[in-house]
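# Observations on the model geometry
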Amino acid sequence: MRFLVLLLLAFNCYADDLTAKAWLIADENGKIIVGEHEQSVRPIASITKLITAITVLESGANMSEDIVTQEFGSISRAELLDMAIVRSNNQAAMLLCSTYPRGYKMCIKDMNDKLQSLGMVHSKVYEPTGLDPRNKSSAEELIKLVKEASRYPEIIGASSKSGVEVKIRKKWVFFRNTNPLIGTRQDILVSKTGWTRLAGGCLVMYLSTNKGYRTVVILGSRNTHTRIPEAEFIAQNYQ
């Protein structure tokens, strides 16, 4: 909490000069209230994991089924989904796709088909983690993905967790949420962070505010430290 406060205080010094290459806040109907470079197509890093989670949930896969893995030992799909959303764990996202009922290749195909069905015509993914820089979208199109994610109780449940505890080879290990705002404010329904060198700091959030639902998208922020206070500033000042 103290770290978050320091970040926000530091951000106040440059609140008028966002480092994000593209950003926006939209209302519950998907109308952009304010933003910059909303249509610019950019790498989305681990925001990819939202479409991975949606696709697996829609597949009818048994989420309580235990999967024996080299990385985690025996772990359920539900726990893998939590790890992918809460901790942004790349191995968890990869396992969700590699154990997809129709196989890995069909997982990627179904992910892209889902993006197209949402009208995200400029969005495309090549793998389930976000490490591939070819996984791209725009801030404007991500509004649709975030709103779709809000339809799934499993994603809302994972997004609300400040951390997740997973038993790995007989030992319980606690993993903190990559979004430190989770647990400090109760209005976040969907949250997913992302970062790679090429994508920069990324963050999407779906908020329940006293003015209605709001979607915040940050793409290409300077680093993992700037994406959170920038999103917080946008959420507080442009509702």
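Provided above is the structure to which this section pertains.
Keep in mind it's a predicted model, so treat the numbers as computed, not measured. (Residues numbered from 1 in each chain as written. Predicted model: local features only at pLDDT ≥ 70, side-chain atom pairs only at ≥ 80, totals over all residues. Heavy atoms only, no water.)

Once that is clear, we can look at the overall build of the protein chain. Tallying secondary structure elements over the protein chain gives eight helices and eleven strands in all. Scaling as 2.2 N^0.38, a compact globule of 239 residues should have a C-alpha radius of gyration of about 18 Å, and the protein chain matches this with 17 Å. Taken along the three principal axes of its C-alpha coordinates, the protein chain extends 50 × 40 × 35 Å. Residues counted as buried form 56% of the 239 residues belonging to the protein chain. Looking at the protein chain alone, contacts between residues at least 24 apart form 60% of all its contacts between residues at least 6 apart. On the protein chain, the mean spot of the 30 positive side-chain charges and the mean spot of the 24 negative ones are 4 Å from each other. (Helix = DSSP H or I, 4+ residues; strand = E, 2+ residues; numbered from the N terminus. Rg over C-alpha atoms; globule rule 2.2 N^0.38 Å. Buried < 20%, exposed > 50% of the residue type's maximum accessible area, 1.4 Å probe, protein only. Contact = heavy atoms within 4.5 Å. Lys, Arg positive; Asp, Glu negative; His and termini not counted. Charge placed at Lys NZ, Arg CZ, Asp CG, Glu CD.)

What follows concerns the pairing of strand β2 (residues 32–36). The pairing of strand β1 (residues 22–26) with β2 spans four bridges and is classified as antiparallel. Residue L24 lies in a different strand from β2, and its bridge partner there is G35. (Pairing = 2+ DSSP bridges.)

Judged by pairing direction, the sheet is antiparallel, and its five strands sit side by side in the order β2-β1-β11-β10-β9 without closing on themselves. Each having just a single partner strand, β2 and β9 (188–196) make up the two edges of the open sheet. Taken pair by pair, the neighbouring strands of this sheet meet at an average axis angle of 5 degrees, ignoring direction. Of the pairings in the sheet, the one linking β9 to strand β10 (residues 200–209) comprises eight bridges and is antiparallel in character. Each residue of the ladder has a partner; that of G194, found in β10, is C202. Lying over the sheet, helix α6 (residues 139–149) contacts β1, β2, β9, β10 and β11 (212–221), oriented at roughly 130 degrees with respect to β11. Helix α8 (residues 227–237) contacts β1, β9, β10 and β11 of the sheet and is inclined by roughly 145 degrees relative to β11. (Axes fitted to C-alpha atoms, helices over the stretch in contact; angles between N-to-C directions.)

Core analysis: the largest hydrophobic core is formed by 56 residues, its most contacted members being L142, L145, I155 and L219. With residues near it in sequence (within four places) discarded, I155 still touches L50, A53, I54, L57, A149 and V190. If you look at the next biggest cluster of nonpolar residues, it comprises 17 residues, including A20, W23, I182 and I234. (Core = buried A, V, L, I, M, F, W, Y, C linked by side-chain atoms within 4.5 Å.)

Under the defined criterion, the tally for this structure stands at three aromatic pairs. Cluster of aromatic residues (ring-pair linked, three or more members): W23, F233 and Y238. Just above the ring of Y126 sits the side chain of R134; from NZ or CZ to the centre is 3.9 Å. (Phe/Tyr/Trp six-rings, centres within 6.5 Å; stacked < 30°, edge-to-face > 60°. Lys NZ or Arg CZ within 6 Å of the ring centre and 35° of its normal.)

Note that all results are geometric; they support no functional claim without further evidence.
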